[in-house]
Amino acid sequence: REKGDLSVTAADRAFAIGLQQLNATVDVVDNRATAQLQVQGSQTGKLTAHAQTQMSKQGGNWGLSSRSPLTLSGQAHIDSLNPLAALYGASVDIDGRVAIDLQGKGTFAKPRLRGRARATALSIEQVQNGLFLHDGSVQAAFDERGVEVTEASIKADEGSLTAEGRVFADDLLA
């Protein structure tokens, strides 16, 4: 990459990520394919991903099937949620930092994802409704069965909210 930027569009709003680094490689040796991605943005933070699979010959052509083995890993470190949250509306101001660690080992059809997410310095402000929350944090683990929040808390001027629990994937998809 010599110059340029990437943007994300949602709800008719565009957001430039402030692209500083973009590296993507795909290597195929024999029938094994390996892909790596690194993205660094001044407005978003850093994303790294690695995937490996095995290609097979189908009908005389090389390709990937839903049964192809898949191993992947990824990490995201988002320095500020504010630019991303602004895509969804100006009436709510959301900020904080997020770190996500993701692994998967299975097939393309069933990658068996699991990982951890941690958010810190969370704040939510909605002036028109008098909502001012600050000093929030969330720690969660997830897998194909659902999400387990091991700690969630956020403070208001008078009081705080804490939570923990598990949400099953079947309940989310119902």
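Small disclaimer: the values here were computed from a predicted structure and weren't measured. (Residues numbered from 1 in each chain as written. Predicted model: local features only at pLDDT ≥ 70, side-chain atom pairs only at ≥ 80, totals over all residues. Heavy atoms only, no water.)

Asks: Looking at this model, I keep getting lost on the environment of Ser80. Mind explaining?
Replies: Looking at the secondary structure, you find Ser80 in the loop between strand 8 (69–78) and helix 1 (82–85). Separated by 41 residues in the primary sequence, Ser80 and Val39 place their C-alpha atoms 15 Å from one another. Discounting residues that sit within four places of it in the chain, Ser80 has contacts with Gln43, Asp95 and Gly96. In this structure the side chain of Ser80 is engaged in a polar contact, spanning 3.3 Å, whose partner is the backbone nitrogen of Asn82. Among the polar contacts made by the side chain of Ser80, one reaches the side chain of Asp95 at a distance of 2.7 Å. (Helix = DSSP H or I, 4+ residues; strand = E, 2+ residues; numbered from the N terminus. Contact = heavy atoms within 4.5 Å. Polar contact = N/O pair within 3.5 Å; in protein donor to acceptor, adjacent residues only side chain to side chain.)

Asks: It is not clear to me how the pairing of strand 5 (residues 45–54) should be interpreted in this structure. Could you clarify?
Replies: Successive side chains on a regular strand alternate, one facing one side of the sheet and the next facing the other. As judged from the 10 bridges shared by strand 4 (residues 32–41) and strand 5, these two strands associate in the antiparallel manner. Paired with Thr34 across the strands is Gln52, a residue of strand 5. Between strand 4 and strand 5, which pair antiparallel and follow one another directly, the connecting turn spans 3 residues. Bridge count for strand 5 against strand 8 is 9 bridges, and the pairing is antiparallel. When the bridges of strand 8 are listed, Ala51 appears paired with Leu72. (Pairing = 2+ DSSP bridges.)

Asks: Even after reading the chapter, I still don't get the environment of Pro69, so can you show me in this structure?
Replies: Tracing the sequence through the fold places Pro69 in strand 8. The partly exposed category is assigned to Pro69, whose relative accessible area is 41%. Separated by 38 residues in the primary sequence, Pro69 and Thr107 have C-alpha atoms spaced 4.4 Å apart. Residues in contact with Pro69, not counting those within four places in the same chain, are Gln52, Thr53, Gln54, Gly106 and Thr107. (Buried < 20%, exposed > 50% of the residue type's maximum accessible area, 1.4 Å probe, protein only.)

Asks: I tried to follow the pattern of salt bridges on my own but got confused; where do I start?
Replies: Pairing is possible between side chains that carry opposite charge, provided their charged atoms lie close to one another. Evaluation of the coordinates by the stated rule reveals 3 salt bridges. As a salt-bridge pair, Asp143 and Arg166 come within 3.3 Å of each other at their nearest N and O atoms. Separated by 23 residues along the polypeptide, Asp143 in strand 11 (residues 131–143) and Arg166 in strand 13 (residues 160–168) bring together distant segments of the chain. Overlapping salt bridges, with partners in common, bring together Asp143, Arg145, Glu148 and Arg166 in one network. (Salt bridge = Lys/Arg side-chain N within 4 Å of Asp/Glu carboxyl O.)

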